[in-house]
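Descriptive structure summary
One-letter residues, chain by chain:
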Amino acid sequence: MARNPRFDVLFEPVRIGPVTAPNRFYQVPHASGMTNALPNVRARFREIKAEGGWGVVCTGAVSIHPSSDDSPLPFASLWDTRDIRNHALMTDAVHKHGALAGVELWHGGACSLNRTSRIAPVSPSGMPWLSTHLGFMGNLRPRAMDLADIADLVRWQAQAARRALAAGFDIVYVYAGMGYLPYEFLLPEYNQRTDAYGGSIANRVRLVRELLEATRDAVGDRCAVALRISLEELRGRPGTTAPSEAHEVVALLADVPDLWDVKMDSSPTDCAPSRFSPEGSHEPIIDFVKRVTKKPVVGVGRFTSPDVMVSQIKRGVLDLIGGARPSIADPFLPRKIDEGREDEIRECIGCNICISSWHDGVPVRCTQNPTAGEEWRRGWHPERFAAPSSEASVLVVGAGPAGLECAVTLGRRGYPVTLADRERDFGGRMRFETRLPGLATWGRVLDWRMGQLRTLPNVSLYPESALEALDILGLEHTHVVLATGARWSRMLCGANEFPIAPPAAPRVYTPDDLAAGVVPEGPIAVFDFDNYYLAGAIAEQLAQLGREVCYVTTAGGVSAWTFMTNEQPLVHRALVKAGVAIHTMQRVTGFDGEELALVDWFGGRESRLPCRSLVIVGMRTPRNELYDSLYAVSADWKRAGIASVTRIGDALAPGAIVHAVHSGHRYARELEAHPAAPAEASRAASADAMPYLRDFST
Ligand code: ADP
Ligand code: SF4
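These lines cover the structure that appears in this document, whether it is placed above or below.

Scoring rules and cut-offs
- Residues numbered from 1 in each chain as written.
- Chains lettered and ligands numbered in written order.
- Predicted model: local features only at pLDDT ≥ 70, side-chain atom pairs only at ≥ 80, totals over all residues.
- Heavy atoms only, no water.
- Helix = DSSP H or I, 4+ residues; strand = E, 2+ residues; numbered from the N terminus.
- Rg over C-alpha atoms; globule rule 2.2 N^0.38 Å.
- Buried < 20%, exposed > 50% of the residue type's maximum accessible area, 1.4 Å probe, protein only.
- Contact = heavy atoms within 4.5 Å.
- 1 Å grid on protein atoms, 1.4 Å probe; cavity = no way out; pocket = protein on both sides within 12 Å on 5 of 7 lines; lining within 4 Å.
- Points joined across faces, edges and corners; volume = space filled by probe spheres on them.
- Nonpolar A, V, L, I, M, F, W, Y, C, P; charged D, E, K, R; others polar.
- Phe/Tyr/Trp six-rings, centres within 6.5 Å; stacked < 30°, edge-to-face > 60°.
- Near = heavy atom within 4 Å.
- Sits in = over half its atoms within 2 Å of the grid points.
- Pairing = 2+ DSSP bridges.
- Axes fitted to C-alpha atoms, helices over the stretch in contact; angles between N-to-C directions.
- Arc of directions from axis to C-beta.

**Points about the overall build of the protein**
Summing up its helical and strand segments, the protein has 23 helices and 31 strands in all. Radius of gyration (C-alpha) of the protein: 27 Å, near the 26 Å computed for a compact globule of 698 residues. Dimensions along the principal axes, computed over C-alpha positions, put the protein at roughly 80 × 65 × 45 Å. The burial tally for the protein puts 61% of its 698 residues in the buried class. Excluding contacts between residues fewer than 6 apart, the proportion of contacts in the protein whose partners are at least 24 apart in sequence is 71%.

This is the structure:
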């Protein structure tokens, strides 16, 4: 198909100093969790984006010196010449597809606690970053830099820039954002210096200018020099010669870099989750930059709509459309627009599971794109699939995230597939969850897969089809996949963090009851020991319905695991705003239909709250009735033509949506690809067949 001329502007080349980006799609630097230890994983991950049409593809943070060591969080380095070859793998891979390769040179200053190198962290004035999150806390405070330290820093940047040039990069960054060292010089709270690098805004900008100039001297006219800068905090500070200090900083450096890469200051606003921020949320902070500089400007905003992208260009907000998460969720986003297939874009849902992978210290994972991070390790290409090696057909039972992804991928491979669900609407758990406050955008998991299924003539869809074992024996499919999901349990949480017996009282509910339409009477307690998003979202919704709601958790904070996805402070704020009373580090020990008994997790103090309804969001167990009944008739499988029965997704092991999608995708990729072991928890049709056990670490 031909590209819609409305989007032509997105495919114009853009000059960036001495180099030219082939189009306006710019994959900005973003963490991948891949480090120098996984050079092939990293090169392939970035290469696929170049193949998918991104005109510029950048690395994540690349440390310039061992005094910027983020361990145990993953980061890359260009500390000496031995690191060059490692990065050259990526630049070669990106260049193969005509894209430019950018490198984000980085020094973390007071934010990098140097847990491995054990070098005292450096900072403008010895001011620490007072992290409130356990994952980022440390006890070692930074030391103040003297003038010799500043000269060293500028030299390290120049040396790293020369190594970047040798590694084949086209765009070399100075990174003055997100609390890292050059950014610390910009803010008076960190920078309390009384020399030429502190005080006036011109002095506070001096280090960034010197880093830019040193980088330019190092790379000459062979690379562009980019400045990545956080402007949120500075925009909030009135300037003396311009509306804000952000305006003043940009004016002072206006044409020094070849490219401005502008962003927010903290992870929750920069990688803003869709639950709390719409597409394009950076615009009010960065909209002025293009009016102050003549150099091209790139910025992000979870852009997935080509019309929004065009509007950013036409309204003069950005020159290049930055993408981090949209490029993970769909590495082929530009190609799809170019080929008139924009309705096939697999849009990022803004769940930030990708960011949780960085916090976990592992290669990036994505809810929407199960191939992210698996391009090299498993050889998964997001757009290419192996054709079937047999005439086999597949029945997938259950159209939640796991079953949908499985059916789509099997369908794209070319298998005849039947997808059945007992409900009228497909989506499984998403039917309920996307109706909760802020979670509508997550419905893209369902929307994209339904869109794909409609284009696949080899996949038949059967809604309102509750299947039982005998039905399946009569359906003549070679492989049966059970994606029947999990159900929430009423179990409580015991003192040893084991699940214990449910309370014997009226009005004890789980999310499944709410999904079925129950609206509990108030006052309601939502007891959370799942600690991801669901209990917080349910509490918020019940409060919005006018109920008196309290939220109780065993953890130290609201929806505690959402710290991993940048959502936690925002969930807390939303519950406070909705009037939900918050009880942290408490365990429910009893409920009689009128009162809730709590105990302080560590202190042991007991308390009671008036409560008519208790919603328990704790444990889930696989919905396995169909699997068990099929297994009971396994002697009949062969006669029925069934070669295997396999559970995937929550029916195998309850998890987040990202796990279900990956599980469904993996089954579909591996069907008949490894005849000796199709998937874990699979049973084959022979009387003495043993369950296959697959090594999860492969
Ligand atoms: P997952 O996250 O693993 O995809 P979900 O709970 O979201 O799991 O989805 C499971 C789906 O399976 C639900 O839509 C449910 O209606 C469907 N389902 C469960 N048992 C059967 C069955 N016996 N026949 C047809 N559909 C079923
Ligand atoms: Fe987007 Fe979620 Fe994928 Fe990250 S994990 S790229 S936020 S869909």
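**As for the layout of surface pockets**
The calculated volume of the second largest pocket comes to roughly 940 Å³. Along its surface, the second largest pocket is lined by 40 residues, and R422, G428, R431, T484 and R623 are the ones closest to its centre. Those elements that provide at least two residues to the lining of the second largest pocket are α15 (401-413), α16 (430-433), β18 (486-488), α19 (511-515) and α22 (625-632). Here the residues of the lining of the second largest pocket sort into 18 nonpolar, 8 polar and 14 charged.

**Observations regarding the packing of aromatic side chains**
On inspection of all chains with the given rule, the structure shows 15 aromatic pairs. When the ring of F11 is compared with that of F25, the centres are 5.2 Å apart and the planes differ by 55°; the resulting orientation is tilted. Here F25 lies in strand β3 (residues 25-27) and F11 lies in the segment before β1 (14-16), a separation of 14 residues in the sequence. Judged by relative accessible area, which is 13%, F11 ranks as buried. Take F25: its relative accessible area is 1%, and that puts it in the buried class. With a centroid separation of 5.8 Å and an interplanar angle of 75°, the aromatic rings of F136 and F563 are classed as edge-to-face. Of this pair, F136 sits in the loop between β7 (122-123) and β8 (143-144) while F563 sits in the loop between β23 (549-553) and α21 (568-577); the two residues are 427 residues apart in sequence, bridging distant segments of the chain. The pair formed by F136 and F563 is uniform in burial state, with each residue classed as buried.

**Remarks on the site of ligand 2**
Taken together, 14 residues form the shell around ligand 2, and within it C348, C351, N352, C354 and C366 come nearest. The site holding ligand 2 turns out to be the largest cavity. Of all the elements in the fold, those that place two or more residues in the shell around ligand 2 are α12 (325-329) and α14 (353-360). Top contributing element to the shell around ligand 2 by residue count: α12, with 3 residues.

**Focus on empty space enclosed by the protein**
Tallying each qualifying case throughout the model produces 6 cavities of 30 Å³ or more. Empty space within the largest cavity amounts to approximately 90 Å³. C348, I349, C351, C354 and C366 are, among the 13 residues lining the largest cavity, the residues nearest its centre. Taken together, the elements giving at least two residues each to the lining of the largest cavity come down to α12 and α14. Per element, the largest residue contribution to the lining of the largest cavity is 3 residues, and it comes from α12.

**With respect to the sheet that holds strand β25 (residues 586-591)**
Here we have 3 strands laid out as an open sheet, ordered β25-β26-β27, and antiparallel in their pairing. Two strands close off the open sheet at either side, each with one partner strand: β25 and β27 (606-610). Direction aside, neighbouring strands of the sheet carry axes that sit 30° apart on average. When strand β26 (residues 595-600) meets β27, the two strands line up antiparallel, connected through 5 bridges. Across the sheet, A597 pairs through a bridge with R608, a residue of β27.

**Some words on the pairing of β25**
Within β25, 5 of the 6 residues are buried, leaving the element largely enclosed by the surrounding structure. Relative to β26, β25 is paired through 5 bridges, and the arrangement is antiparallel. What sits directly across from F591, in β26, is L596. The antiparallel hairpin formed by β25 and β26 contains 3 residues in its connecting segment, where G593 sits at a positive phi of about 95°.

**Looking at the environment of A653**
By the secondary structure assignment, A653 is in the loop between β30 (644-647) and α23 (657-670). Along the backbone, A653 and P278 are 375 residues apart, and their C-alpha atoms lie at a distance of 32 Å.

**Side note on α21**
Listed in full, the buried residues belonging to α21 are Q568, L570, V571, A574 and L575. The arc enclosing the buried residues of α21, seen along the axis, measures out at 160°, which places them on a common side. Opposite its buried face, α21 presents the exposed residues R573 and K577, each directed more than 90 degrees away. One or two residues past the end of α21 sits G579, with phi positive at roughly 80°.

**Describing the pairing of strand β10 (residues 224-230)**
A regular strand places its side chains on the two faces of the sheet in alternate fashion. The element β10 is extensively covered by neighbouring structure, given that 7 of its 7 residues are classed as buried. Here β10 shows a buried face lined by A224, A226, R228 and S230 and a second buried face lined by V225, L227 and I229. Strand direction decides the pairing type here: strand β9 (residues 171-176) and β10, joined by 6 bridges, are parallel. Along β10, the bridge assignment pairs A176 with I229. Two strands pair when backbone bridges link them, and β10 and strand β11 (residues 259-263) are joined in this way by 5 bridges, in the parallel orientation.

**Comments concerning unusual backbone geometry**
Across the junction of S71 and P72, the peptide omega takes the value 10°, indicating a cis bond. For P72, the location among the structural elements is in the loop between β4 (56-63) and β5 (76-77). The omega angle of the peptide bond from G522 to P523 is -5°, so this bond is cis rather than trans. Position of P523 among the secondary structure elements: in the loop between α19 and β22 (524-528). For R118, which is not a glycine, the phi torsion comes out positive at approximately 60°. With respect to the helices, strands and loops of the structure, R118 is situated in the loop between β6 (100-106) and β7. Unusually for a residue other than glycine, S559 sits at a positive phi of about 40°. Locating S559 in the fold gives a position in the loop between β23 and α21.

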